[in-house]
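Given next are the chains, with one letter for each unit.
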Amino acid sequence: MMGSPLTLTVAFQIGPVAITTPVLATWAIMVVLAVGSCLLTRHMSLHPSTRQAALEVVVEAIEAQIRDTMRVEPAPYVPLIGTLFLFIFAANWSSLVPGVEPPTAHLETDAALALIVFFAVIWFGVRSRGLRGYFATFAEPSILMVPLNIVETMTRTFSLVVRLFGNVMSGVFVVGIVLSLVGLLVPVPLMALDLLTGAVQAYIFSVLAMVFIAGVLGEPKPEKEK
Amino acid sequence: MHFDWSTLILQTVNVLVLLWLLRRFLFRPVVAIIAERKNTAEKLLTDAASKMQSAQTQAEQTALHEKALASDGDRILADARASAQTERTTTLDAARLEADKMRAAAQAELETQRNQMRLDLDSQARQLAVAIASRLLGRVPRSAVDAALLEALDTTWSPDQWNGLAAAGETLEVVTASPLEAAMQAACTTMIQKRLGCSVQFATDPSLIAGVELRGPHARLHNNWRADLDSIAEELSHDDKTIVMA
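About the cut-offs
Residues numbered from 1 in each chain as written. Chains lettered and ligands numbered in written order. Predicted model: local features only at pLDDT ≥ 70, side-chain atom pairs only at ≥ 80, totals over all residues. Heavy atoms only, no water. Helix = DSSP H or I, 4+ residues; strand = E, 2+ residues; numbered from the N terminus. Buried < 20%, exposed > 50% of the residue type's maximum accessible area, 1.4 Å probe, protein only. Contact = heavy atoms within 4.5 Å. Phe/Tyr/Trp six-rings, centres within 6.5 Å; stacked < 30°, edge-to-face > 60°. Lys NZ or Arg CZ within 6 Å of the ring centre and 35° of its normal. Pairing = 2+ DSSP bridges. Axes fitted to C-alpha atoms, helices over the stretch in contact; angles between N-to-C directions. Parallel < 35°, antiparallel > 145°, perpendicular 65-115°, else oblique. Left-handed = near helix turned anticlockwise from the far one by under 90°. Nonpolar A, V, L, I, M, F, W, Y, C, P; charged D, E, K, R; others polar. Core = buried A, V, L, I, M, F, W, Y, C linked by side-chain atoms within 4.5 Å. Buried area = accessible area lost by both parts, 1.4 Å probe. Salt bridge = Lys/Arg side-chain N within 4 Å of Asp/Glu carboxyl O. pLDDT = per-residue confidence, 0-100.

1. Digging into the overall build of chain A
Working step 1: Secondary structure assignment for chain A yields 6 helices and 2 strands.
Working step 2: Each helix (α) and strand (β) of chain A, taken in turn from the N terminus, gives the series β-β-α-α-α-α-α-α.
Working step 3: Dimensions of chain A, computed from C-alpha atoms along their principal axes, come out at roughly 55 × 55 × 40 Å.
Working step 4: In chain A, which comprises 226 residues, the share counted as buried stands at 42%.
Working step 5: In chain A, once contacts between residues fewer than 6 apart in sequence are set aside, the share between residues at least 24 apart is 66%.

The structure is reproduced here in structure tokens:
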């Protein structure tokens, strides 16, 4: 029986640091993703196997999505966007494992993800425009817009947190409530819906991260002809 | 609801570590292999285009070479034909010249033989005519003929002819076909001595047929049939040569 997503369960202590269940689940997801990546990319060749071809399709789909959304060459952004999507997707779908609560159902994980996007936006903006150019974007289209733009930067990051947290947490809540009220198989459609919601939320979070990063980049470079 | 800051930090670190792990073990190898395949494909396409270009160039060069070979073949054939034609013409001309030479030589040889035969026949005819004339004239009494011809000596030759025969003190031989009678010899001696003042001696030569021949130390005078027949034969021979030359 899962606990409330609004409360954190401490699994164990490492000195003064309390290791909570979302951290443990995240570690498990990290191990699965890292080990899986190692295994899948061990024997890469120019003549791909079915497994390698599927992997390349996933990566190329991420590249295509970045290229379509940001209108830039996707190479510098693939690790960040790809990691965000894969981690959120894996975290949301970890609810399939009995007894595991998705880490994204807790506010700290979503805040960590949003915090990374927040700093990534600053990093790519400064790298693209320079420090002065990046801060100049806050004065666009008018210097009067600086307070509003600063607030927008904060609020959109906060909206990332709330959107992901609200959707996943509500799904967990609904499934938990239904499961506590009715039989074993009744929550199954709700769980399927929860999985769909998790996949969509992973996609939305990634796309929003791309949009935020693209918003601070310089003039969009012309797309190279394929 | 409680917000745990340590969990926030840990999750941030976790996601950053995951970012590094996936970048190291997932995205970089996959992107690298995709780029490598793309480069390989582009290289293959470039090589294929280069090879196609090379093949097209080689095909064009081969076509040009074939055209040049065909042109050379035609030229060599034409040269060979012209050479054969020239050689044929030269050979034919040489053969024709050789044949003309041989024909001319054969004709000349034939003409020479024919002339020689004609000359031989003419000579034989002359000899036959002379023999016939000699035999016919042999039936005429030679002494009478000799006397008649001897008597005509004084009027037959001119004084210059007489003076060239012999000078005074020299001997003039009078040759007749038959022996002269003594009276005839005396008359003859008188006439000669009177004209030339030289001594006279008589001889006989039947080959003269009839008539007389005066043989001086410087010249001879003929008034006999043999000399006449020889003169006629000579004339006939001269006429034949003139005809042959014509």
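Having seen the structure, we can now continue with the description.
2. Details of the packing of aromatic side chains
Each pair of aromatic rings is reported with the distance of its centres and the angle of its planes.
Residues and elements named next belong to chain A.
Working step 1: With the rule as written, the count across this model stands at 9 aromatic pairs over all chains.
Working step 2: Aromatic pair F85 and F89: ring centres 5.8 Å apart, planes at 25°, arrangement stacked. A residue pair is termed a helical-turn pair when its members lie 3 or 4 positions apart in one helix, as F85 and F89 do in helix α3 (residues 78–93) at 4 residues.
Working step 3: Taking the centre distance of 5.5 Å and the plane angle of 85° together, the rings of Y134 and F138 count as edge-to-face.
Working step 4: Judged by relative accessible area, Y134 falls into the buried class, the value being 3%.
Working step 5: Overall, the relative accessible area of 12% leaves F138 in the buried class.
Working step 6: Above the ring of F212, the side-chain terminus of R156 is found at 4.6 Å from the ring centroid.

3. A few points about the sheet that holds strand β4 (residues 220–224) of chain B
Residues and elements named next belong to chain B.
Working step 1: Here we have 4 strands laid out as an open sheet, ordered β2-β1-β3-β4, and mixed in their pairing. Where the open sheet ends on each side, the last strands, each with one partner, are β2 (199–204) and β4. This sheet shows a mean twist of 15° between the axes of neighbouring strands, independent of strand direction.
Working step 2: Across 6 bridges, the pairing between strand β1 (residues 171–176) and β2 is parallel. Among the inter-strand pairings, V174 is bridged to a residue of β2, identified as F202.
Working step 3: Its contacts with the sheet place helix α5 (residues 182–196) against β1, β2 and β3 (211–215), and it is angled at close to 140° to β2.

4. Comments concerning the packing of helix α2 (residues 50–70) of chain A against helix α6 (residues 188–216) of chain A
All names here are of chain A.
Working step 1: Direction vectors running N to C along α2 and α6 enclose 45°, while the axes themselves pass 9 Å from each other. The pairing of α2 with α6 is recorded here as oblique in orientation. Along this stretch, α2 crosses α6, giving a crossing that reads as right-handed. Contacts between α2 and α6 pair Q65, I66, T69 and M70 from the former with Y203, V207, M210, V211, I213 and A214 from the latter.
Working step 2: Split by residue class, the contact of α2 with α6 holds 8 nonpolar, 2 polar and no charged.

5. Re the nonpolar core
Working step 1: With 61 residues, the main nonpolar core has Y77 and I213 of chain A as its most contacted residues.
Working step 2: Of all elements in the fold, only α1 (21–40), α2, α3, α4 (107–136), α5 (146–181) and α6 of chain A together with α1 (5–138) of chain B reach the threshold of two or more residues within this core.
Working step 3: Beyond its immediate chain neighbours, meaning those up to four positions away, I213 of chain A contacts M70, Y77, L80, I81, V121 and F124 of chain A.
Working step 4: Among the nonpolar cores identified, the runner-up in size contains 16 residues, and A166, C188, M191 and V200 of chain B belong to it.

6. A few points about the interface of chain B and chain A
Working step 1: Across the boundary between the two partners, chain B contributes 30 residues, which contact 44 residues of chain A.
Working step 2: Contact between chain B and chain A buries roughly 3300 Å² in total, counting both sides, with carbon and sulfur atoms accounting for 79%.
Working step 3: At the junction of chain B and chain A, the tally comes to 1 salt bridge.
Working step 4: A salt bridge links R37 of chain B to E56 of chain A; its shortest N-O distance comes to 2.7 Å.
Working step 5: Of the residues that constitute the side of chain B that touches chain A, the class distribution is 19 nonpolar, 7 polar and 4 charged.

7. Quick notes on the environment of G166 of chain A
Working step 1: By secondary structure assignment, the location of G166 of chain A is in helix α5.
Working step 2: When the C-alpha positions of G166 of chain A and L80 of chain A are compared, they lie 23 Å apart, and in sequence the two are 86 residues distant.

8. Some details on the confidence of the model for chain B
Working step 1: Taken residue by residue, chain B gives an average pLDDT of 84. The fraction at 70 or more is 93%.
Working step 2: Across chain B, element-level confidence peaks in α1 of chain B with a mean pLDDT of 89 and bottoms out in helix α2 (residues 142–151) of chain B with 69.

9. Topic: the environment of L18 of chain B
Working step 1: With respect to the helices, strands and loops of the structure, L18 of chain B is situated in helix α1.
Working step 2: Residues L18 of chain B and G197 of chain B lie 179 residues apart in sequence; the distance between their C-alpha atoms is 179 Å.
Working step 3: Contact partners of L18 of chain B, with chain neighbours within four places excluded, come to M30, L33, T83 and F87 of chain A.

10. Notes on the pattern of salt bridges
Residues and elements named next belong to chain B.
Working step 1: Following the criterion strictly, the structure yields 11 salt bridges over all chains and no others.
Working step 2: One salt bridge in this structure joins E111 and R114, with 3.0 Å as the shortest N-O distance. One end of the pair is E111 and the other is R114, both in helix α1 and 3 residues apart, which spans about a single turn.
Working step 3: Residue E111 is classed as partly exposed on the basis of its relative accessible area of 33%.
Working step 4: E213 is the salt-bridge partner of R215, the closest N and O atoms lying 2.6 Å from each other.
Working step 5: Overall, the relative accessible area of 22% leaves R215 in the partly exposed class.
Working step 6: Three or more residues are tied together by salt bridges with common partners; here these are D205, E213, R215 and R220.

11. A closer look at the packing of α4 of chain A against α6 of chain A
Residues and elements named next belong to chain A.
Working step 1: Two elements in contact, α4 and α6, have axes separated by 8 Å at closest approach and are oriented at 20°. Judged by the angle between their axes, α4 and α6 are roughly parallel. In this structure, α4 crosses over α6, and the sense of that crossing is right-handed. On the side of α4, the interface is formed by L113, A114, V117, V121, F124, G125, R129 and Y134, while α6 contributes F205, A209, F212, I213 and V216.
Working step 2: For the contact of α4 with α6, the class distribution of residues is 11 nonpolar, 1 polar and 1 charged.

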